Structure formats: structure tokens, C-alpha cells
Amino acid sequence: MISFNLLIDILRSVRDSLLAYKLRSALTLLGVIIGVTVVVTVSSILTSLYASVARSIEDFSPNVVYFTKQNRWGPQFGEPTAEERARKDFTYENVLAVAALSSPLAVSPQKLRGFFGPIADQPRMSANGREAINPLVFGVWENYPDVVTVKIAAGRFFSETERRSRSKVIVIGAGLAKQLFQTTSPLEEEVKLDGVNYRVVGLLEDEGAEPGDRTAYIPYETLSQQFPGIKETILVVRSTPEKVDDVINEVTYTLRTQRNVPVEAPNNFGVTKAEAIFEIVNQVLTGIAAIVIPIALAGLLVGGVGVMNIMIVSVTERTSEIGIRRALGARKFDVLAQFLLEAVSLTSVGGVVGIGVGFLLAFITSRILNFSLTVPMWAVVTGLVTSAAVGVIA
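Let us look at the structure shown here. (Residues numbered from 1 in each chain as written. Predicted model: local features only at pLDDT ≥ 70, side-chain atom pairs only at ≥ 80, totals over all residues. Heavy atoms only, no water.)

**Here we look at the overall build of the protein**
Helix and strand counts for the protein come out as 13 helices and 12 strands. The burial tally for the protein puts 45% of its 394 residues in the buried class. For the protein, contacts bridging at least 24 residues in sequence account for 78% of all contacts bridging at least 6. For the protein, the exposed surface amounts to about 19900 Å²; the carbon and sulfur share of it is 63%. (Helix = DSSP H or I, 4+ residues; strand = E, 2+ residues; numbered from the N terminus. Buried < 20%, exposed > 50% of the residue type's maximum accessible area, 1.4 Å probe, protein only. Contact = heavy atoms within 4.5 Å. Areas by Shrake-Rupley, 256 points an atom, 1.4 Å probe, with all protein chains shown as cover.)

The structure is reproduced here in C-alpha cells:
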């Protein structure tokens, strides 16, 4: 049994070793620190993103179905197939035909100027000499708040008359308002979107998360007029909970008829329920984890080899000390336990540092991408246990 005094002596020995051989200790622990940092950072970011998507879907688009040119809507790996790229975009006649159906609660077309990633061709939005960062500009109908949940903090959404007359009016997110107007109210002020002036008629509630903070809405016809190169239209359809499948069937039949799809042929468009985005996000996050986790394991392996080498050097340097302890009655188990605890303590220090660095990197990423950070407890425990296990194995 290891006494408390011996445990204190071992911890002091580890401290003295770290202080006496700073560079050697740092290089030894680097692999452990990198491995634990990657585990904590990646797990925190992926968990936070998944939670953010879950909240967004629950708040933003319950019982909503997206009809798209491609097979599915949402994040995904890889490029669309050649067959998907060759498909016709939805026409305005398709939109009107679906809007005329009786089963959906509400229907709106949607076009997007902007991207969800750091793409070069982002829209430029400015006011008062300030420029917004990566705005997402959606062209929609005036009933869009009836299709998905759009919370207006001040002002209003644009009207049918403004849409039909292609008015230059815009509803902006709280993040855009802060960037462009700081503490001043943006209502009835002008913003410039790719060189064209728009009047702000509404301000969205501050959701405190991407992408809502950088979202803006303008009339569908206005976006189509200003950006004729944007051809892809998404049909956003809302249903009652008990009629989602009926709505999908009716809209699908209408679009197949409109697009002259033969009876025996598959759909030449995609149908995605909002809930299915969970599956898509899971696939994306699983793919990222499959790439990153081996890197973390390699870092821990390198750290284990480093700890093994430093412990060999430590045992060699302290041969005389071991002999004296054995002569004074120390058992072989006591000596083994001392070096084992030194190795575990050394790697645990690396684990604690890795957890701290991982949390810091995840926090910085959450601030940059503007999402709420969630650090899973299992990642912290895994980091500590794994780093200690590396010391035992080494």
C-alpha cells in the first residue's frame, strides 16, 4: 500500500523533473497534449454544432418540407451527380402550381444570394461606411413567416404589394444590424446590397446563433430581378403534423406533372423533411470525426513513446537512488509504483493542459462562428483517463 507521504514525495519528484528538464518534458508531453486537445476541441465543436442545428430545426421549421433540384437539401459531402446538375430548375409556374394546392398550410419559394461557408463570391452589404460579414440574403414571399418561424423584433416583414412591385425593401438579422448600425435602430435606414440601395423595414430577433444573425430577407421577385444568374429555387412547404406525408404526395404529384416526369421514372427533384437534416448533420459530423480521431490517437501514441523514453532515462539516471532505497528496505513493488505514478502524473499534466487548450480553441471557434459552446463531460473524462492510461502503458 502506498503511503500518503510517499504519494506527496512522488508528486514533488514529478514537479522537480518538469522544472529541471523543461524542454525535455515539454517535448515529451507534446504528443499527449495534442491528442487530448484534438479530442476536446473536436468533440466540443461537433456537439455544439449538432445542438445548434437541433435548436434551429425545432424553432425554425417544424413540419416543413423542402423540394429541391438536387436529391436532398442541407449539408453533405461531395458534389451533386451529373444527373442532378443536368436537371431543370423549378420554374415560377411550378411555384404557382404548388402554391395553389389546398393541403399545405403555406408555401413560399426561396432563392439564396450567399453561401454558408467562406466562399469568395459573398454578397456585399454595407451602410454608414461599415460592411457586413458574409450576409445570407434570401429571396422569399411575404408569407414566409407562415412557412418557417421568423421572429420580428421591430418593424415588420414586407408586404405582398412590395413583393409584386419588386420593391427594394429588406428585413435584416440582429447580427447584421449590429455590424452596420451598432446601437442605432436600422428601421427606415438604407443598406446597400451589391451596389443597390434597400430600405430596412424589419429587424429579426437576436437568436444568438448562426446563421440567423447574418440572415436578411428581400422579396423573391426583387432578388430574381437583381440577380438573374441565380436560377435555383427551393420550394418550402409547411404542413400540419398529421398531414406531412399527404402534403408530400400531393406536391410530388403536382411537380411530376408540371415537369413531365414519366410514370415509371423516378423524381427529378429532391424531397427533404426538416427532421431529415438531423441524419445529414450526423453523417457530416461522423465523417469529420472519422478523419480527426485517428490524428488524436496518433498524437497520443507519439506521447506514449515519448513518456516511455523519458522514464527509461529517468530510471537510468536514478539507479543509485533505487539501490539505496532497496538497501533501506523498499520493496520492488514500492519502486515500481513510484515510477508508475511518476509516469501517470506526467501524462496527466499533459492531459490537463490539453483539456485547457482544447476548451480555449473550442471557445475561440464558437466566438468566430457565433454558436453556443457545449463542452461534453465525456470528452473531458476521456481526455483525463486516456492521458493517464498512456502513462500506465508507457
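There's plenty left to go through after this.
**Regarding unusual backbone geometry**
Positioned with a positive phi, Asn-128 is a non-glycine residue whose angle comes to about 55°. Tracing the chain through its elements places Asn-128 in the loop between β3 (125-127) and β4 (130-131). Positive phi is not limited to glycine here, since Asp-194 has a value of about 50°. The residue Asp-194 is located in the loop between β8 (190-193) and β9 (196-204) in this model.

**Some words on the packing of helix α4 (residues 92-99) against helix α9 (residues 244-258)**
Direction vectors running N to C along α4 and α9 enclose 145°, while the axes themselves pass 10 Å from each other. As α4 runs across α9, the sense of the crossing is right-handed. Between α4 and α9, the residues in contact are Glu-93, Asn-94, Ala-97 and Val-98 and Val-251, Thr-254, Leu-255 and Gln-258, respectively. Here the residues of the contact of α4 with α9 are counted per class, giving 4 nonpolar, 3 polar and 1 charged. (Axes fitted to C-alpha atoms, helices over the stretch in contact; angles between N-to-C directions. Left-handed = near helix turned anticlockwise from the far one by under 90°. Nonpolar A, V, L, I, M, F, W, Y, C, P; charged D, E, K, R; others polar.)

**Quick look at the pattern of salt bridges**
Working definition: two side chains of opposite charge can pair if their charged atoms are close together. Scanning the model with the defined rule gives 12 salt bridges in all. One salt bridge in this structure joins Glu-131 and Arg-124, with 2.9 Å as the shortest N-O distance. With its nearest N and O atoms 2.8 Å apart, the salt bridge here joins Glu-160 to Arg-164. Here Glu-160 pairs with Arg-164, and both are found in helix α6 (residues 160-164), just 4 residues apart, close to one helical turn. According to the relative accessible area criterion, Arg-164 is exposed, its value standing at 56%. Three or more residues are tied together by salt bridges with common partners; here these are Arg-156, Glu-162, Glu-188 and Arg-199. (Salt bridge = Lys/Arg side-chain N within 4 Å of Asp/Glu carboxyl O.)

**Here we look at the side chain of Thr-252**
Along the chain, Thr-252 falls in helix α9. For Thr-252, a relative accessible area of 12% translates into the label buried. If we ignore the near neighbours within four places in the chain, the residues touching Thr-252 are Phe-67, Asn-267, Phe-269 and Val-271.

**What about the packing of aromatic side chains?**
With the rule as written, the count across this model stands at 7 aromatic pairs. On the numbers, 6.1 Å between centres and 20° between planes, the contact of Tyr-92 with Tyr-220 is stacked. Of this pair, Tyr-92 sits in helix α4 while Tyr-220 sits in helix α8 (residues 220-226), and the two are 128 residues apart along the sequence. An angle of 50° between the planes, with centres 5.4 Å apart, marks the rings of Tyr-144 and Tyr-217 as tilted. In this pair, Tyr-144 is assigned in helix α5 (residues 144-147) and Tyr-217 in strand β10 (residues 215-219), connecting sequence segments 73 residues apart. For the pair formed by Tyr-144 and Tyr-217, the shared burial category is buried. (Phe/Tyr/Trp six-rings, centres within 6.5 Å; stacked < 30°, edge-to-face > 60°.)

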